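So the chains spell out like this:
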Amino acid sequence: MFVEVVFPLPFRKAFTYSVPKELEEFAKVGVRAVAPFGKRTLSGFIVNIPPTISLKKDEVKPITDILDDKPIFTNKTLKFYEWLSGYYLCSLGEALKLLVPQGTDVETKRKIIVDKDFVQELLLKEKKKDSIKFKILLELSKRDELNFSLLQKVVKKKNIYSQLRQLHNQGAVTILDEVEGVKVKAKKVKFVKLAKEIAEIYASFPELDRKSPKQVKILLKMIEAKGIALPVAELLHKTESSQSSLTGLEQKGFVKIFEKEVDRTFRENYTEEHQKLILTRHQQEVVDEVLTAQNKNEFKTFLLHGVTGSGKTQVYIELAKQALEKNKTVLILVPEISLTPQITSRFFNNFGDTVTVIHSRMSAGERFDSWRRVLNGKSKVVIGARSALFAPLNKIGLIVVDEEHDASYKSFEMIPKYNARDAAVVLGNIFSCPVVLGSATPSIESMYNAETGKYTLLSLFKRIDDAKLPKITFVNIAHEKNKSKTETVFSKVLIDKIDDRLNKKEGVIILQNRRGFSTQIFCNDCGEVEMCENCSVPMVFHINQNKIQCHYCGSVKPVPGACTHCGSINIKYFGTGTERVEDELQFYFPNARIERIDSDSISKKSYLSNLLLGFSKGDIDILVGTQMVSKGLDFPRVTLVGVISAETTLWLPDFRADERTFQLLTQVSGRAGRSKVEGEVIIQTYNEKHFVLRKVLENDYKGFYAKEKADRENMGYPPFTRIALIETKDTNMDKAKGAAYDFYKEIVKYKNYLKISDPTTAQIFKLLNNYRYHILIKSNKENDPGGAILRKAILESWTEFNKKSRYKDVKLFYDVDPQSIM
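This section reports on the structure supplied with the text. Nothing here was measured: the structure is a model prediction, and the numbers come from that model.

## Observations regarding the side chain of Thr-685
Moving on, step 1. Summarising the element assignment, Thr-685 is placed in strand 29 (residues 680-685).
Moving on, step 2. When near neighbours in sequence (up to four residues on either side) are disregarded, Thr-685 contacts Phe-474, Val-475, Asn-476, Ile-477, Ala-478, Ala-646, Glu-647 and Leu-693.

## Some points on the sheet that holds strand 23 (residues 547-549)
Moving on, step 1. One open sheet holds the three strands; their spatial order is 22-23-24, and the pairing between them is antiparallel. The outermost strands of the open sheet, each flanked by one partner alone, are strand 22 (540-542) and strand 24 (556-558). In this sheet, adjacent strand axes meet at a mean angle of 35 degrees when their direction is disregarded.
Moving on, step 2. Two elements, strand 23 and strand 24, share three bridges in a ladder whose sense is antiparallel. Bridged to Lys-547 within strand 24 is Pro-558.

## Topic: the packing of aromatic side chains
Moving on, step 1. By the definition in use, this model includes 35 aromatic pairs.
Moving on, step 2. Between Phe-517 and Phe-541, the aromatic rings sit 5.8 Å apart at their centres with planes inclined by 75 degrees, giving edge-to-face as the arrangement. Note that Phe-517 is positioned in the loop between strand 20 (507-511) and strand 21 (520-523) and Phe-541 in strand 22, a separation of 24 residues in sequence.
Moving on, step 3. Taking relative accessible area as the criterion, Phe-517 reaches 14% and is therefore assigned buried.
Moving on, step 4. Overall, Phe-541 belongs to the buried group, its relative accessible area being 9%.

## Overview of the pattern of salt bridges
Opposite charge on two side chains allows them to pair when their charged atoms are near.
Moving on, step 1. Tallied over the full model, the rule gives 40 salt bridges.
Moving on, step 2. Note that Glu-318 is salt-bridged to Lys-321, the shortest N-O span being 3.9 Å. Of this pair, Glu-318 and Lys-321 both sit in helix 13 (residues 312-325), three residues apart, which is roughly one turn of the helix.
Moving on, step 3. Here Asp-496 makes a salt bridge to Lys-492, at a shortest N to O gap of 3.1 Å. Here Lys-492 and Asp-496 lie together in helix 19 (residues 492-503), a separation of four residues that amounts to about one turn.
Moving on, step 4. Where salt bridges share partners, they join Glu-746, Lys-749, Glu-800, Lys-803 and Lys-804 into one cluster.

## Structural notes on the state of the cysteines
Moving on, step 1. A complete count under the given rule lists zero disulfides for this structure.
Moving on, step 2. Not engaged in a disulfide, the cysteine Cys-523 finds its nearest cysteine sulfur in Cys-526; these two sulfurs lie 3.6 Å apart.
Moving on, step 3. Cys-553 supplies the cysteine sulfur nearest to Cys-532, a cysteine that is in no disulfide, at a spacing of 3.7 Å.

Cut-offs and rules
Residues numbered from 1 in each chain as written. Predicted model: local features only at pLDDT ≥ 70, side-chain atom pairs only at ≥ 80, totals over all residues. Heavy atoms only, no water. Helix = DSSP H or I, 4+ residues; strand = E, 2+ residues; numbered from the N terminus. Contact = heavy atoms within 4.5 Å. Pairing = 2+ DSSP bridges. Axes fitted to C-alpha atoms, helices over the stretch in contact; angles between N-to-C directions. Phe/Tyr/Trp six-rings, centres within 6.5 Å; stacked < 30°, edge-to-face > 60°. Buried < 20%, exposed > 50% of the residue type's maximum accessible area, 1.4 Å probe, protein only. Salt bridge = Lys/Arg side-chain N within 4 Å of Asp/Glu carboxyl O. Disulfide = S-S within 2.5 Å.

Without other data, these values stay purely geometric and don't point to any function.
Listed below in C-alpha cells is the structure:
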C-alpha cells in the first residue's frame, strides 16, 4: 500500500510513502501521517492512495505513524483547501495546516549540545570578528545547549549547516535530532465512585469512624452524590481530606478510582437574558429570501446591507434555526474577539451546548477540545474569528460573515495570506449553501458584486423598536482652539455632553483609534522624534507602565529623561492615545467609572467579558477604546458616542483610507441610541468639510460608494482590478533592494498583461529590523477575470528569480488581494 502525503512546507507536490502492514487499516485520505522527510520527521496529510506507483518499494520510505482515528477532511473539503492554495499561492500542505489546532503535530527539532571550553578556544583563534563563524561561536560559547532554529534567528542567517558540520567534525558540538511529540492532548481527570452497596457501607461506619473519621466524611459526601462519580480533586477539597484517606478506601474496596476524559469548554463570562423576539416584517422578508436558496440546497451569496441596530443578529439566529432543523451545520464568522461575547451569548441562549466558540484567546487545550467536538459532530454551530473558517464542519447549511467589510478577516502574517470573507464564499459554493455577508457599511468590492449581479442585495434600513439613527454633530477643533474653548483633548461641547449623559445615568462610548498615552516624543531643540531602533516608526509613551514602546515590534525602553540625540531636556509629548483620553476623563469626571478597551488592556482571559457585562448593567459609565468599541456592541443604555479625532485614519497613504474612515465613524456612531432614547454623536475634527466626513454626517452610504467607486475605477484599484503586493525584506538594505529589482526583472516580462510598479521603499521602510521594498501588480478584471494571469506571472517569476538571483536567500512574500499597501 502506498500513500501520497503533503507537508506544511513550501513544496507544491505530494511525496509518496509506503504503508507498513500494521498501519494499513488506519491509512485513509484525510488523516495525518508521521513520516521521515530528509533528516527530519514531520506530520503531513494523506491526500491520495494511488492503486499503483512506478517506483520500487525499496525506493520508497515508509510512514511511521497515523495521528488521527478518522479523517479530518473529506474530498469535498479538500477541494476548498486546493482552491485556497491555488488562489493565495501557497502549497496544499501549508493550506491544510490551517485545519488542525496548534500543538497537535509531530516534528523533529534539531538540538545542538556545546562543549563550551573547546568552543571558547576556537573563538579566541577566530580572527575575523565580522564573519558568520565568529557570530556562531560567540553564541555557542554562552550556552550548554540550544535549538538549531534559535541559533539561525540569533545569527540572522539560515544557511549555517556547513559551519556547524565543521564544528561537529572537530568535536566542538554534537547535533541531535529529537522527535517532539504532540503537545496538546485530551485532558484526563481522576474520578471516584462507590464500589459497594450503600447499606453495606453504612454497616461499616462504626469501625471506620473509630479508626479513620476522614474516610467516613468522604463516603458521606459520595452517598450524597447519589451514585454520580466525583472528580477526586474536588472531593478531597470539599471534605478537607488527603489522598491517603481515599487510597485507603480504595484498598478496602469501598470506592473505585478511574480516569475519565473531560471536555475543556470555553464559555464567556458575559451573559444576556434570553429574549423571545418576533421578527419585524423587513427581517422576515430577508429570512424568506435566504430560505429560498437554503431549502433548495443552492449556493447563493447575499449581501445584507442593514443599518446599525437593524437586527441583523436576529436574522442570523432565525436562519441558523432553519439550517439545524434540516440536520445541517452553521458557521458564523465575526471579525474580532471583541464581538464574540455578545453574539455567542445570544447563540448559546438559542442553541445551548451545540454552539462551539473558536478564537485565539482560548487556551490550546480549549481550542483542541472545541475542534474535536466539531469533528465528532457534537457541535453543529461554530462561532469565531477568521480561524473558525477551518473548523472541520460537515454538511454546512449556512455561512454568515458578520461585519464583512472588516480588514481583520485578512490574514496579514501567516501563510497563506487568505481573506476569510472571500474564502467563506468559495466554501459555500463547495457545500451548495447560502452565504450571508452582513454589514452597515459594506466594502466597495462587495457592493460592486451586488450591483453587477454576482451577489443578491438585501436591505434593512430601519432600526428595530422604532429606534432612530443618532444625531451627528461636528466640532471643529481648530475653531475651538482659536476661541480658547478647547479643554485639552476634549472640546467644551463634548465635555458638556458627557456631563449631561452621566447625570441621566446613561452610557457613553469614546473612540480614539490610537493606543498609549502620547504617540510621539519630540525634542524642541534638535527637532528629532524618539524612533524605534528596529522600525521606522515613533515610540509610543505608555503612562501606566512608565515606558515607551513600539507597537510594531514590541520593543520596550524606559522613558527618556532627555533627548537621546542631543541630550536636551526640552522634550515634548505629542499625539493622543486611549490612555491619555482615559486620564483626562478621570480628571473631569472623578466620580465616573471609566474603563478602557484596547489590545493593551484586554490581554487577560475573560477581562473583556466581565468589562462588557459591567457596562451593560450600568456598573461602568464610560467606555474608552480603539476601533474595538466600534464593532457590533449592542447596549441600549449608550446614548452618546464621542470621537476624539476623525482624522486618525483619513490621511494614511493607502487607497482604502477613505473607506476605512467612513466605515469606522459610521460603525462607532451606530453604538448610540439603540433604544427609545435618541442617541447623539460628537465628532471632533479639523476639517468638517471633507467629503468623507460629510457623507458620515448625512448617513449617505450610496453617495460615498458612488464617488469611491468612480475614484477606484479612475486610479485602477479594486473592484476593477485584482492586485498583488510583492515584498522583499532583509536586515541588509542593499540585499532587500537587490532582491526587489531582480524579481522586477522577471515580472516585468508580463507588462503587456499586467500593470507593474517599479520597486519602491515600503511606506514603513523598516519593520522588525528588516528593510522592506514593495512592487505593486495590478491585473484588469476585464482581461483576467479570475486572476489566473496574475498568479501565473507571480509563480513563474518567482521560479526564475530563485534560479538566477544572487539574493534568493532574501525573504520574498506575495500577498494576493492585500487589504493595505503600506
